[in-house]
Amino acid sequence: MAVEVSRPLANYPPALWDYDAMASLSSNDSGLESYTKQVEELKVQVKDLLMASSTIDPAERVKLIDMLCRLGVSYHFESEIEDQMNQIFDLVKSKALDDNDYDLCTVALLFRAFRQHGYKISSDFFEKFKDNDGNFMSSLLTDVKGMLSLYEAAHLSMHGEEFLDEAIAYARTNLMSMASQCSPHLQNHIANVLEQSFHRGIPRIEARKYISFYERDEARNELLLKFAKIDFHRLQLLHRRELSEVARWYKGLNAKKNFFYARDRLVETYLWSVSVYFEPHYARARIFLTKIITLLTITDDTYDAYGTIDELRPFTDAMQRWDISAIDQVPDNMKFLYKTILDLYNGFEDELRNEGRSHCVSYVKEAVKRVIRCYQIEVEWLNKGHVPPFEENFENSLISSCYNAIPTGALLGMGEIAGTEALDWITGVPKINRASMMISRLMDDIVSPEHEKQRGHVATGIECYMKQYNVSEEEVIEIFEKNIAKSWKDVNELCIKPTEVPIPIQMPVLNLARIMDVLYKYQDAYSINPGRLKGFVEMLFLEQVPM
């Protein structure tokens, strides 16, 4: 008689999406061709507008560049934008702009734009708006646009800039009190900004939201709006094609049957990949990354919500060997997962071999092995009922969060720019990656406890901290939130030029931190409440922007 095995099933909410429908999404090739042609025609006109801006006030030039960024089309003009920002920043350094009587809205926009483009501009830029006590002048209290701009700019603060930290709270308080006196259009914009700052938002989502906002702006530039809408449609068709491809792959795994215990989040995972990089030339990278994260999620749940310790020990050993000949030692109920993982990475090697980059796959394999070793450590702790010291738990969970493995996987499909030098960099867990990992781990810990308490689970970081330092959960959360804020300052500082690696290599790490700010702000929207992401999926992949 078979012995019934007790498993720590998590009972995750089911998938929200019909994978048959996702797999059959049409890319509409004729529509794609039409949009591509229109984009190329309009791109010439927008470029002319950008280049002609060199004859106008420097602040107006930066406003135009910022508009291209917020509308999600700046990737078309990277070199032109860099040239212009260099020229304008030289004027700032030479104090050539000091005599301009720019208002708070303009000064804050300049500050934010320079920092977002990696320029080391001082927070002293705001000195003219302070009174003798070092506070913002009372005359600014009715300046709604200035407060909005200040709120957005202050999120790029660095260490030692307490003034900007105070500015976030100051601007938030004033915006909340001013909102009722504004038009419905501006009220909605204020609510969106306070919900999600632009700097910490997911670029594609922020672009889609801003297109709708800009459309109702009486001062809008019709050329820019049309260009943004058509480019969004074009990218949406490309993303639908990719989503269809990964949905067909996922259906081929028969995941609902073979991995019934795991989070069924293929569409949300693809959203994650688009959030890392949305540009057309990263299509393969998105497909690679979606598959990598999908199998990491299933593997995580195999350790966390399915496997017994006697099953997981041989599985862990086999994964460290990473050889199909080791499959005989894998428990029967995990053989399919083992083979699926090996097949995926073999496929990556085959695809990259013609480019002479198949060796790059080994970096991701090693990162996944490291994650699995950390999963096993957590299983052993749980089996012994052991609550480790906070620092030991934290260092292990930084790796088990997958926020080093995922950026390593993110580089894999990016092409020649992400060669061995870039992969060596990310493997060494550079400071910006560790800061992103800190944000991920701490935000996950803050939103996870209630769900984890409902079943057997290794002690969370919050529980370890509470036990070791004899403090309340509320106190730990406050400490974690302060450390998240410090980690964002680290990220902001490490994005200032000169950066350790080219910006395209660093950008996935920054965007992964942004994903956590959006997906884990109030609860775990990936695992526990995927309904929170439904609107994002619909706006990016399913709903057209009204023309």
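Structural data are supplied above this passage.
The model shown is predicted, which means the values in this text are computed figures rather than measured ones. (Residues numbered from 1 in each chain as written. Predicted model: local features only at pLDDT ≥ 70, side-chain atom pairs only at ≥ 80, totals over all residues. Heavy atoms only, no water.)

Attention shifts here to the overall build of the protein. When you go through the protein residue by residue, the secondary structure sums to 25 helices and zero strands. A globule of 547 residues ought to have a C-alpha radius of gyration of about 24 Å, and the protein, at 24 Å, matches this closely. C-alpha atoms of the protein, sized along the principal axes, occupy 85 × 60 × 45 Å. Burial statistics for the protein: of 547 residues in total, 58% are counted as buried. (Helix = DSSP H or I, 4+ residues; strand = E, 2+ residues; numbered from the N terminus. Rg over C-alpha atoms; globule rule 2.2 N^0.38 Å. Buried < 20%, exposed > 50% of the residue type's maximum accessible area, 1.4 Å probe, protein only.)

Along the polypeptide, E152 turns up in helix α6 (residues 144-154). If sequence neighbours within four positions are ignored, E152 has contacts with R70, R112, V193, S197, F198 and H199. (Contact = heavy atoms within 4.5 Å.)

This part takes up unusual backbone geometry. The step from K497 to P498 runs through a cis peptide bond, and the omega angle for that step is -5 degrees. Of note, P498 is situated in the loop between α23 (473-494) and α24 (503-519). For N254, which is not glycine, the phi torsion reads 50 degrees and is therefore positive. Relative to the elements of secondary structure, N254 occurs in the loop between α10 (222-252) and α11 (255-258). Among the residues examined, N254 registers a relative accessible area of 38% and is labelled partly exposed. Residue W322 is not a glycine yet carries a positive backbone phi of 50 degrees. In this fold, W322 is placed in the loop between α14 (309-321) and α15 (335-353). W322 gets classed as buried once you look at its relative accessible area, which sits at 10%.

The next point concerns the packing of helix α19 (residues 420-427) against α24. It is at 11 Å that the axes of α19 and α24 come closest, and there the two elements cross at 35 degrees. Judged by the sense of rotation from one axis to the other, the crossing of α19 with α24 is right-handed. Across the interface between the two elements, A422, W425 and I426 from α19 touch I505, Q506 and V509 from α24. In terms of residue class, the contact of α19 with α24 is made up of five nonpolar, one polar and no charged. (Axes fitted to C-alpha atoms, helices over the stretch in contact; angles between N-to-C directions. Left-handed = near helix turned anticlockwise from the far one by under 90°. Nonpolar A, V, L, I, M, F, W, Y, C, P; charged D, E, K, R; others polar.)

What follows concerns the packing of aromatic side chains. Tallied over the full model, the rule gives 30 aromatic pairs. Judged by centre distance (4.9 Å) and plane angle (40 degrees), the rings of F89 and Y119 are tilted. Residue F89 is located in helix α4 (residues 78-93), and its partner Y119 is located in the loop between α5 (104-116) and α6; the two are separated by 30 residues in the primary sequence. Clustering of aromatic rings is evident, with ring pairs tying together F111, F126, F136, F163 and Y170. We note R263 situated over the ring of Y12; from NZ or CZ to the ring centre the distance is 5.4 Å. (Phe/Tyr/Trp six-rings, centres within 6.5 Å; stacked < 30°, edge-to-face > 60°. Lys NZ or Arg CZ within 6 Å of the ring centre and 35° of its normal.)

Inspection of every chain in the model, using the stated rule, returns 32 salt bridges. A salt bridge links D231 to R234; the shortest N-O distance between them is 3.5 Å. Linking D231 with R234, this pair stays in helix α10, spanning three residues, or about one helical turn. Taken individually, D231 and R234 each receive the classification buried, so the pair is uniform in this respect. For R434, the salt bridge goes to E395, with nearest N and O atoms at 2.7 Å. Residue R434 is found in helix α20 (residues 431-447), and its partner E395 is found in helix α17 (residues 390-400); the two are separated by 39 residues along the sequence. Among the ionic contacts, a cluster of salt bridges with common partners joins R263, D300 and D301. (Salt bridge = Lys/Arg side-chain N within 4 Å of Asp/Glu carboxyl O.)

Okay, the nonpolar core next. The biggest cluster of nonpolar side chains holds 194 residues, and the ones touching the most others in it are F126, W272 and Y345. Broken down by element, the residue count for this core peaks at 14 residues, all from α10. Among residues more than four places away in sequence, those in contact with W272 are I293, Y403, L512, I515, M516, L519, Y520 and Y526. (Core = buried A, V, L, I, M, F, W, Y, C linked by side-chain atoms within 4.5 Å.)

What follows deals with α14. With 13 residues, α14 extends 19 Å between its outermost C-alpha atoms, agreeing within 8% with the 18 Å of an ideal straight helix rising 1.5 Å per residue. Looking one or two places after α14, you find W322, whose phi comes out positive at around 50 degrees. (Expected span 1.5 Å × (residues − 1).)

A few words on the environment of H155. Relative to the helices and strands, H155 resides in the loop between α6 and α7 (162-178). Residues H155 and L71, spaced 84 residues apart in sequence, show a C-alpha to C-alpha distance of 19 Å. When near neighbours in sequence (up to four residues on either side) are disregarded, H155 contacts I168, S197, H199, R200 and N492. From its side chain, H155 meets the backbone oxygen of Y151 in a polar contact 2.8 Å long. (Polar contact = N/O pair within 3.5 Å; in protein donor to acceptor, adjacent residues only side chain to side chain.)

This part is about helix α3 (residues 58-70). Along an α-helix, residues three or four positions apart point the same way, because every turn accommodates 3.6 residues. The end-to-end C-alpha distance of α3, which contains 13 residues, comes to 18 Å, matching closely the 18 Å that a straight helix rising 1.5 Å per residue would cover. Of all 13 residues making up α3, 10 are buried, and the element is well covered by its neighbours. Where α3 is buried, its residues contact α2 (29-52), α4, α5, α6, α9 (203-215) and α10. For α3, the capping residue at the N-terminal end is D57, with a side-chain oxygen 3.0 Å from the backbone nitrogen of A59. G72, located one to two residues past α3, shows a positive phi value of around 80 degrees.

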